[in-house]
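One letter stands for each residue in the lines below.
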Amino acid sequence: MSFLHPLALLGLAAAAIPALLHLLQRRIPPQVDFPPVRYLSAAERESARRLKLRHLLLLILRTALIVAIVVAAARPLVPLRGGGAHQPTAAVLILDNSPSSGAIVDGAAVLERLRVAARSSIARTTSADRVWLMLCDGVLRGGSREAVLATIDSTRPGWLRLDLVQAIERAARMVNAQPVVGREVHVLSDLQRTALASGQAVVPGGVRVLALAPGRGPSNRGIAGVTVSEGAAVIELSGAMLDSGGTPLPVPVTIRIGAGPNRGEIAARGLATPGRERSGGATRAAVTVSLPAQSLAPGWWVGEAALEPDELRADDHRPFAWRVAPPARAMATPRAGSFVAAALAVLQAGRHIIDGRDVVISGGDLPSSPHAIVQPPDDPALIGQVNRALASRGVPWRWGPLSTPGVLTSSERAGLNGVAVVRRYRIEGGGSGEAGAGDVLATVNGEPWLVRSGSVVLLGSRLDTAWTALPAAPGFVPFVDALVNRIVMGEAGVSVAEGAPHVEFRTRGTDTTGATVFGPDARESDLTPATTALVTAALGGKDRTSVLSADRFAAEGFSGTRRADASGILVLLALVLAAAELGVATRTR
Amino acid sequence: MVQRLDLLDPAEVARLGGIEIVAEGVVEGFLAGMHRSPFRGFSVEFTEHRAYQAGDELKYLDWRMLGRSDRLFVKQFEEETNLRSMVLVDASRSMAWQGSPERLTKRAYADRLAAALALILLRQRDATGLVTFDEQVRQLIPARVKAGQWTRIVRGLLDTPDGQGTAAHAALQRLTALLARRGMVVLISDLLFDRELALAALRYLRHRGHQVVVFHLMDPAEIELSGPPEVRFKDPESAVSVVVRPRELARAYADTVRREIAAWRKACRRHGIAYHHVQTNMPFGLALRLLT
């Protein structure tokens, strides 16, 4: 309940007047001689109980009368359930068309159920309302009621995951900024628990969040990711199919590789065995399938991992890309250090490299090979000489003074993250803008540690345990492998992005330097709906958020502003109270 | 035009003069209206017959004589001179109260009523006396019929001051010892004392053969409660007080008074005592007529 004139409620203090008057009237009454006091006493004894009740009733009636008048003056607005027009309302409809909305439940797509509820909400809007539609891309779409309705009708399951917590916050901020009476956010989503994992939304007061209660969440498994390395594809699965006893069933996985006329050729099959239960309740399984890399020609290859169809088709297949290249011809100069020499020997033994001078790893000098990986010199006095050689070869980077120890951070090479660096030179210079930033492959304390410029790669530390713990780490040999086979070659690697399943290649000039593999977020595969308590807590708290069944959702929508001025009823009540007070006060028996 | 004082407002009549003047005026008017002694029949004895004349009341016709001789005779009565009457006037403090300055106090009304009653009785040559009392007997004038008795009674009324409490029981008990011969006892009081004790004494008088008459005197303001919104009513005799809101209690109080009057009336009737409720705004003639 709200009030048009809340300041009038200060008048409620007047409700104490009857009680105060009662107390103040306890003054000494005038004294009068009256002989038949004995009759008075008898009459009073007989009427004492009635008189006490009468006094109490009068006190209650008078207090209630004042309260009724004061509250009526404050013009209370009481919410109405059902019926009646609502006041102008700003509303955002969040229609969650993320990939999971394409799941088939009880013979129909989840999105269709959400769409029906969205149409119902739109149908109750009036020309005075302001309505926006937010889909899984997070974009707020305004417009006329008809335009929004058309957008709803044309919506199909998308490929982007919708973080409901962030979406609610954005929507709530939007409606809260509108100069209207009502502010509502309608959440039409399958309310996956994974969509609510990013904390709790901050919803301003006065904004109502109405969430359609989720339906049944079917069992589902999907391909969470595909990683190709060492001639094998590791396919990670999410979700599980359970047998009648609740035991996860093995999942057959099919790998198709090839491009052009050979595209779609079945390269391998595997059977993924479900893994252990994870903390989030989701099960993960992985299968490793060998790829016939030796028979593939050098270059970039695209493949696809696929599962048998289930209720959610969007996550049943996922593309992947990898590069087939001949081993690099690499060697190390004597100043490169013993750890580098040992790593190259291992790689050579594994046929990852062959002996040659295409790639040279040096220590303090700049080789004249086509590709060079340069470590700083042992002797600080040689820093200037090497910097000048780098500059003459057109490398914009140079070593500066010794800098602070720290740990490695790299978005390109996950294996480097967290490795300690105790001694390093600060790498300075480089290109400006995005190009320069793109050449920084790893940092320490925010400063470049591994940079690339053309065919030259610079390291901030020597690959020696006196400088960094990297040579003693398990990922050292793979790191050196990546250095000589990919990084120094200018290859950017394969990255993953959210979107419709496909592969995009990155090029530099005529060279393909990397690829981006698009696919749905792995969290979309977990169709388990969140509990009502979790939804309420994550979407603004129980004071603002309601999780409602379809019927109640339809009834509650825009009901926050269906209010009626109750002052008339209160005035009527006051009149009734006044009449009752008059009747009781004048009644002598 | 000559006005009958017995039918005028008591307060207006009282303004004409003292008790004697008022009582005489009331009695004159009262007797003129009655044509005959109002108390004939209980205070007179049969003496002889005489021939019926037109205008004689038929109730005095001797039907037995008519049956024997077929002649109309009426009975002649001789006034009795040895009837003894005692008028008891309550002089307690409660009697000195008036509900309005426009009315007489209960005591003033009682004095004038007693004086008039005594005058009538003396004119009938009945021996009449007076007792005034509150907690004790204040004045005792034995019943006599000699000249100057009425003046003594009036003087006795005037010499009795307003008293304190009321002890009718004690006064009535003492009176029983003084009334050796059968007679009439008239009690004029507001009856604000213990009903059972007073009735015990009155019953005793009745048992001794006395004719007992009770005038229950009340001010109209004692019947209908009124006053300011809240007031402390104090009993002038006992100092007992009670705080009430008259408007709230009026109905219950009126019911209580009605029940009290009914209780007195019922108790008196049960014991052969004549009970009359008189308000101080009732003309004296009407009050006296209650006795006939």
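Residues numbered from 1 in each chain as written. Chains lettered and ligands numbered in written order. Predicted model: local features only at pLDDT ≥ 70, side-chain atom pairs only at ≥ 80, totals over all residues.

## Looking at the overall build of chain B
Consideration 1: Regarding its fold elements, chain B presents 9 helices and 10 strands.
Consideration 2: For chain B, the residues scored as buried account for 42% of the 292 residues in total.
Consideration 3: At a minimum sequence separation of 6, the contacts of chain B that also span at least 24 residues come to 74%. (Helix = DSSP H or I, 4+ residues; strand = E, 2+ residues; numbered from the N terminus. Buried ≥ 20, exposed ≤ 12 C-beta atoms within 10 Å, placed from the backbone. Contact = placed C-beta atoms within 7 Å.)

## Overview of the overall build of chain A
Consideration 1: The helix and strand tally for chain A stands at 12 helices and 33 strands.
Consideration 2: Here chain A holds 589 residues, and the buried ones make up 40% of them.
Consideration 3: Put simply, 68% of the contacts in chain A that link residues at least 6 apart link residues at least 24 apart.

## Observations concerning the sheet that holds strand S10 (residues 274-279) of chain B
All names here are of chain B.
Consideration 1: With respect to topology, 6 strands assemble into an open sheet ordered S5-S4-S3-S6-S7-S10, the strand pairing being mixed. Looking at which strands have only one partner, the edges of the open sheet turn out to be strand S5 (137-144) and S10. Across the sheet, the axes of successive neighbouring strands diverge by a mean angle of 15°, strand direction being ignored.
Consideration 2: By the bridge criterion, 6 bridges tie strand S7 (residues 211-218) to S10 in an arrangement that is parallel. Directly across from Val214, in S10, lies its bridge partner Tyr275.
Consideration 3: Across the sheet, helix H8 (residues 246-270) is in contact with S7 and S10; its angle to S10 comes to roughly 155°. (Pairing = 2+ DSSP bridges. Axes fitted to C-alpha atoms, helices over the stretch in contact; angles between N-to-C directions.)

## Let's talk about the interface of chain B and chain A
Consideration 1: With 29 residues of chain B in contact, the opposing surface of chain A contributes 21 residues.
Consideration 2: Listed by contribution, the elements that provide at least two residues to the side of chain B that touches chain A are strand S8 (231-234), strand S9 (241-244) and H8 of chain B.
Consideration 3: With 10 residues, the single largest contributor to the side of chain B that touches chain A is H8 of chain B.
Consideration 4: Residue classes in the side of chain B that touches chain A are distributed as 15 nonpolar, 4 polar and 10 charged.
Consideration 5: Where strand S2 (residues 31-33) of chain A meets S8 of chain B, 3 bridges bridge the pair, whose relative direction is parallel. The residue bridging Asp33 of chain A from the neighbouring strand is Lys234 of chain B, located in S8 of chain B. (Nonpolar A, V, L, I, M, F, W, Y, C, P; charged D, E, K, R; others polar.)

## Some remarks on the sheet that holds S2 of chain A
Consideration 1: The sheet built from 3 strands is open, its strands ordered S2(A)-S8(B)-S9(B) with mixed pairing. The open sheet has two edge strands with one neighbour each: S2 of chain A together with S9 of chain B. Between one strand and the next, the sheet's axes are offset by a mean angle of 30°, whatever the strand orientation.
Consideration 2: In terms of strand pairing, S8 of chain B meets S9 of chain B through 4 bridges, oriented antiparallel. Each residue of the ladder has a partner; that of Phe233 of chain B, found in S9 of chain B, is Val242 of chain B.
Consideration 3: Relative to the sheet, helix H2 (residues 37-73) of chain A contacts S8 and S9 of chain B, its axis offset from that of S9 of chain B by approximately 50°.

## What to know about unusual backbone geometry
Consideration 1: One non-glycine residue, Arg75 of chain A, adopts positive backbone phi at about 55°.
Consideration 2: Within the element layout of this structure, Arg75 of chain A appears in the loop between H2 and strand S3 (76-79).
Consideration 3: We note that Asp70 of chain B has phi near 60°; this positive angle belongs to a residue other than glycine.
Consideration 4: Looking at the element boundaries, Asp70 of chain B is found in the loop between helix H3 (63-69) and strand S2 (73-79).

## Structural notes on the confidence of the model for chain A
Consideration 1: The share of residues in chain A with pLDDT of 70 or more is 89%, and the mean pLDDT across the chain is 84.
Consideration 2: Strand S24 (residues 420-421) of chain A holds the highest mean pLDDT among the elements of chain A, 94, whereas helix H8 (residues 433-438) of chain A holds the lowest, 49. (pLDDT = per-residue confidence, 0-100.)

## Focus: helix H4 (residues 106-123) of chain B
Think of an α-helix as 3.6 residues a turn; residues three or four steps apart then line up on the same face.
Consideration 1: The terminal C-alpha atoms of H4 of chain B lie 26 Å apart, and with 18 residues this matches the ideal 26 Å at 1.5 Å per residue to within 8%.
Consideration 2: Most of H4 of chain B sits out of view: 17 of its 18 residues are buried. (Expected span 1.5 Å × (residues − 1).)

## Quick word on the packing of helix H6 (residues 338-349) of chain A against helix H9 (residues 476-487) of chain A
To describe two helices that pack against each other, one gives the angle between their axes and the distance between the axes.
All names here are of chain A.
Consideration 1: Orientation of H6 relative to H9, taken along the N-to-C sense of each, is 80°, at an axis distance of 9 Å. Between H6 and H9, the angle falls in the class roughly perpendicular. Every residue of H9 that contacts H6 at Val340, Ala343, Leu344, Val346 and Leu347 is listed here: Phe476, Val477, Val480 and Asp481.
Consideration 2: Classifying every residue of the contact of H6 with H9 by side-chain character gives 8 nonpolar, no polar and 1 charged. (Parallel < 35°, antiparallel > 145°, perpendicular 65-115°, else oblique.)

## Side note on the packing of helix H1 (residues 17-24) of chain A against H2 of chain A
Residue and element names in this part refer to chain A.
Consideration 1: Two elements in contact, H1 and H2, have axes whose closest approach is 8 Å; the angle formed by their N-to-C orientations is 140°. Considered as vectors, H1 and H2 are oriented oblique to each other. Residues Ile17, Pro18, Ala19 and His22 of H1 pack against Leu59, Arg62, Thr63 and Ile66 of H2.
Consideration 2: The residue inventory of the contact of H1 with H2, partitioned by class, reads 5 nonpolar, 2 polar and 1 charged.

## Structural notes on the environment of Leu58 of chain B
Residue and element names in this part refer to chain B.
Consideration 1: One can find Leu58 in the loop between strand S1 (44-51) and H3.
Consideration 2: Its 9 C-beta neighbours within 10 Å are what place Leu58 among the exposed residues.
Consideration 3: Along the backbone, Leu58 and Val74 are 16 residues apart, and their C-alpha atoms lie at a distance of 8.1 Å.

## Considering the nonpolar core
Consideration 1: If you look at the biggest cluster of nonpolar residues, it comprises 65 residues, and the most contacted ones within it are Leu88, Ala114, Ala116, Ala118 and Ile188 of chain B.
Consideration 2: Sorting elements by how many residues they give to this core places H4 of chain B first, with 13 residues.
Consideration 3: Aside from chain neighbours lying at most four places away, what touches Ile188 of chain B is Val87, Leu88, Val89, Asp90, Ala110, Leu113, Ala114, Phe215 and Leu217 of chain B.
Consideration 4: By size, the runner-up hydrophobic cluster in this structure holds 52 residues, among which are Ala91, Val187, Ala314 and Val547 of chain A. (Core = buried A, V, L, I, M, F, W, Y, C linked by C-beta atoms within 7 Å.)

## Regarding the pairing of strand S4 (residues 127-133) of chain B
Residues and elements named next belong to chain B.
Consideration 1: Burial analysis of S4 places 7 of its 7 residues in the buried class, which makes it a mostly covered element.
Consideration 2: Residues Ala127, Gly129, Val131 and Phe133 point to one face of S4 and Thr128, Leu130 and Thr132 to the other, with burial holding for every one of them.
Consideration 3: Note: strand S3 (residues 84-90) against S4, 7 bridges, orientation parallel. Of the residues in S4, the one forming a bridge with Leu88 is Val131.
Consideration 4: Here 5 bridges tie S4 to S5, and the two strands are oriented antiparallel to one another. Bridge pairing in S5 places Phe133 opposite Val137.
Consideration 5: Counted between consecutive antiparallel strands, the loop separating S4 from S5 contains 3 residues.

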